[in-house]
Amino acid sequence: MHKNRIKELEEFIKENEIPIENHELLNIALTHTSYANEHKKNKEHDNERLEFLGDAVLDLIVGEYLFRKYPLWSEGELTKAKASAVCKPACAEISTRLNVGKYLLLGKGEEKSGGRTRVSILGDAFESLIGAIYLDIGYEVTFDFVIKHLEKFLDLIMQGDYDKDYKTDLQEILQQNGDVEICYNVIHDEGPDHDKTIWMSVTADGKYLGSGIGKSKKQAAQRAAKEAIERIEKEAKNK
């Protein structure tokens, strides 16, 4: 590995307090398949295998956390809560906070098409990072790392806010004084049919109110409605 790349990885570790010592593993976690395909002569490894492992470790960690935290919850309640915490947009948001995009190795085409900010790529990279930490340091340290960075999403679960019907709440707020035309529109989507990420906006009588990202139209619409409610409440406070 080139010394400049090692310097970049050390910077990433220091900036984000990443509990990892193996630079080779970390480099693989931050290497997208598009880069590896363009550098086959150098035998570069992409992060897909680490993503596979990290996804399983993330699932176990959040599953264990919820199992211990909510001993009276049913299997169905635990499943819904876990799905909300480990979804790709949540993982991508954490990657954004860690500035993962800056340190990713991407192919030229992926770079030009905005891969450094793409939800699917950032979400996969966070899972790969989890896989690398697990292999290098072990389960307990990885557990603490994941729970620390998922704190925001786990707090929503604690508040009972993760499975709330924001679309109905928004409709009730907007139609207090009569009918309002509320529209949810897909702005953009990416990925194969079995693993799509969807961006959706919500408008009221043509006025933009918010947007949301999800793995389904339903999830994206709920998040758009949530953002719209927050915007309306903020505007009301500022009046």
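Rules used throughout
Residues numbered from 1 in each chain as written. Predicted model: local features only at pLDDT ≥ 70, side-chain atom pairs only at ≥ 80, totals over all residues. Heavy atoms only, no water. Patch = residues over 30% accessible without salt bridge, like charges linked within 9 Å, V, L, I, M, F, W, Y side chains within 5 Å. Areas by Shrake-Rupley, 256 points an atom, 1.4 Å probe, with all protein chains shown as cover. Salt bridge = Lys/Arg side-chain N within 4 Å of Asp/Glu carboxyl O. Lys, Arg positive; Asp, Glu negative; His and termini not counted. Charge placed at Lys NZ, Arg CZ, Asp CG, Glu CD. Helix = DSSP H or I, 4+ residues; strand = E, 2+ residues; numbered from the N terminus. Buried < 20%, exposed > 50% of the residue type's maximum accessible area, 1.4 Å probe, protein only. Pairing = 2+ DSSP bridges. Contact = heavy atoms within 4.5 Å. Phe/Tyr/Trp six-rings, centres within 6.5 Å; stacked < 30°, edge-to-face > 60°. Lys NZ or Arg CZ within 6 Å of the ring centre and 35° of its normal.

(A) Summary view of a positive patch on the surface. Residues Lys207, Arg231, Lys234 and Lys239 make up a contiguous surface patch of positive charge. Its location among the elements puts Lys207 in strand β3 (residues 207–214). Owing to a relative accessible area of 48%, Lys207 belongs among the partly exposed residues under this scheme.

(B) Region of the structure containing the pairing of strand β2 (residues 197–204). The buried fraction of β2 amounts to eight of the eight residues, a majority that puts the element mostly inside the structure. On β2, burial covers both faces: Thr197, Trp199, Ser201 and Thr203 on one face and Ile198, Met200, Val202 and Ala204 on the other are all buried. Where strand β1 (residues 182–190) and β2 come together, eight bridges link them in antiparallel fashion. Considered in β2, the bridge of Ile182 is made with Ala204. Connecting the antiparallel pair β1 and β2 is a turn made up of six residues, with Gly191 showing a positive phi of about 100 degrees. Bridge count between β2 and β3: seven bridges; the pairing is antiparallel.

(C) Local environment of the environment of Ala90. Turning to its location among the elements, Ala90 is positioned in helix α6 (residues 88–97). Apart from the residues lying within four places of it in its own chain, the contact partners of Ala90 are Ser84, Ala85 and Phe153.

(D) Just the packing of aromatic side chains, in detail. Counting across every chain of the model gives four aromatic pairs. Centroid distance Tyr70 to Trp73: 4.0 Å. Interplanar angle 10 degrees. Geometry classified as stacked. A relative accessible area of 12% places Tyr70 in the buried class. Lying over the aromatic face of Tyr184, Lys167 brings its terminal NZ or CZ to 4.6 Å of the ring centre.

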